[in-house]
Amino acid sequence: MKSLFGDGPDPSVHRSLSGRLWPDPLTGGILGQEAVEEGGVLHHILQTGFLRSMVLHGPPGCGKTSFTRLLLRLHGLRHSTLRCSEVSSAEIRKAVDRARGDRAAGGRHVLVLEEIDRLGKTQQDLLIAPVDEGDLFLLGLSNENPVRTFLPALASRVLIVGFSPLSPDSLSTILERALSLLAKESGREVTIEDTGRNLLVERAGGDARRMLGSLEWAFELDRKSAGEKQGVLITARSVLRSMGQTGGLHFDRESHFNLISAFIKSVRNHDPDGALHWLARMIESGEDPLYIARRLVILSAEDIGLAEPQALTVATACMTSVSAIGLPEARIILSETAIYLALCPKSNTAYQAVDRALAAVKSGFLPPVPPFFTVQGKSLYLYPPDQPDGLSPQRSLPLGVTYYKPGSSGREPTLSRNGDKPSDV
């Protein structure tokens, strides 16, 4: 039935550039993923149509959806697509029934589950038997590794393949293909300034979809300003305007742990510049500044320790200040603290000492409390300030038990235990 408003524009007009830029079958259209390259398991699937249930996980814009679309198109596979954030058990049962019907008719049915890491355990239970019996082929997509949320019975039945952020070379190749497509669609020559090209590739964070989104906006801005001229030059200025304030940063659970890890390890390695870079990445990605401050408190005790005891005080003051002030000003406090801690000498002797003590206790070393330390033996206790040199000869632990081993960094060598070997009493 015709619309009251006519046939309307071509539906492809409303699709994004990344949606219009289909990968080329088996000719490097999906780039930068070892599993999709020649000899890889996904390349074999594309070539032969051999199917088994699998899950693809990785950050946005790295080729998961492109692989799925290409697989379905190359082999003409019937499929159902469900989004796990809103799927019901009834919908999964319907998909399974449809798949069983296709199998009975001699066909194959692929159930594509987007955001599969959000699939509930009840819904997972419904998939175990159909996957095991070959009634359907499960193809899950996720930005995060779903193993943590999977039932073991389902995890053992699927191939789990990790996708990585795309390399600059792969992004550059995709960018060239996109420029060619824009030129073909517009009927005009499309070029881009070198600075704009570099900005798109470097700030994409390995996400081709985000890069293409920024490119499409920049193209629209410069096409409008070019008027009816033959060519369209995409400028660096338009690229910057199209990127938004965060520069195209993606932030998920894995990025959360990777960024804080890089930040802490840079501080630990006396690298203030590295620490500031990862700090900026976390702030721009929307990380909780109080979480960053808490990690600095831990680092000050774990990695700096007695080499500079004042570091713990500074880090604690940072945490208190960040809690009271918040962003954007908290960035200055975090920066000052990160630089200071990076420049401090490092010692993990306190961290190692308590772990040695804990290990000894867990292994069964449980000597009784000496009688002169007990309430009943209070009269036997020698008060250290009243003893020569302020040191009591009464020993806490048996002779030879040592947990703390002094380090040689910063102020630690100047801290004396004032009598390392008191006599037994």
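That block above? That's the structure.
Numbering of residues begins from 1 in every chain and follows the order in which that chain's sequence is written. pLDDT decides what is reported in this predicted model: residues at 70 or higher carry local features, side-chain atom pairs at 80 or more are listed and counted, and totals for whole chains, interfaces and linings draw on all residues regardless. Hydrogens and water molecules were not included; the side-chain quantities draw on all heavy atoms of the structure.

For this particular structure, what's the right way to read the overall build of the protein?
Only DSSP runs of H or I reaching four residues or more are called helices, and only runs of E reaching two or more are called strands; each is numbered from the N terminus. Helix and strand content of the protein: 16 helices and seven strands. Relative accessibility decides the category of a residue: with a 1.4 Å probe and only protein chains considered, values under 20% of the type maximum give buried, values over 50% give exposed, and everything between is partly exposed. Per-residue burial for the protein yields a buried fraction of 40% across its 425 residues. Any two residues whose heavy atoms approach within 4.5 Å at even a single point are treated as in contact. For the protein, the proportion of contacts with a sequence separation of at least 24, taken over those separated by at least 6, is 75%. Of the accessible surface of the protein, which amounts to about 23400 Å², a share of 53% is contributed by carbon and sulfur atoms. Here the open area of atoms and residues is found with the Shrake-Rupley method and a 1.4 Å probe, where only the protein chains shown may cover a residue.

How do you make sense of the sheet that holds strand 3 (residues 109-114) when you look at a structure like this?
The pairing of strands in a sheet comes from backbone hydrogen bonds and takes either a parallel or an antiparallel form. Spatial strand order, 2-3-4-1-5: five strands in an open sheet with parallel pairing. At either end of the open sheet lies a strand with only one pairing partner, and these are strand 2 (78-83) and strand 5 (159-162). Neighbour-to-neighbour, the strand axes of the sheet open up by a mean angle of 15°, direction not taken into account. A pair of strands is considered paired only if DSSP assigns at least 2 bridges between the two. Relative to strand 5, strand 1 (residues 54-57) is paired through four bridges, and the arrangement is parallel. The partner of Val55 across the bridge, within strand 5, is Ile160. The axes used here are C-alpha line fits, helices contributing only the stretch in contact, and every angle between their N-to-C directions lies in the interval 0 to 180 degrees.

Which parts of the structure should I look at to understand the pairing of strand 6 (residues 189-192)?
Each regular strand shows side chains that alternate between the opposite faces of the sheet. Side chains Val190 and Ile192 of strand 6 all project onto a buried face; the interleaved residues Glu189 and Thr191 project onto a face where none is buried. Sheet topology note: the strand 6/strand 7 (residues 231-234) ladder contains four bridges and is parallel. What sits directly across from Val190, in strand 7, is Val232.

Quick question: what am I supposed to make of the pairing of strand 4 (residues 137-142) here?
Judged by how many residues are buried, strand 4 sits mostly within the fold: six of six residues are covered. Judged by which residues are buried, strand 4 turns out to be covered on both faces: Phe137, Leu139 and Leu141 on one side and Leu138, Gly140 and Ser142 on the other are all buried. Relative to strand 4, strand 1 is paired through four bridges, and the arrangement is parallel. Across the sheet, Leu56 pairs through a bridge with Leu141, a residue of strand 4. Two elements, strand 3 and strand 4, share five bridges in a ladder whose sense is parallel. Bridge pairing links Val112 to Leu139 in strand 4. The handedness rule is simple: strands pointing away from the viewer, and a clockwise path from the first strand over the helix to the second, make the crossover right-handed. In terms of handedness, the path from strand 3 via helix 5 (residues 121-133) over to strand 4 forms a crossover that is right-handed.

Interpretation in functional terms is not warranted from these geometric data alone.
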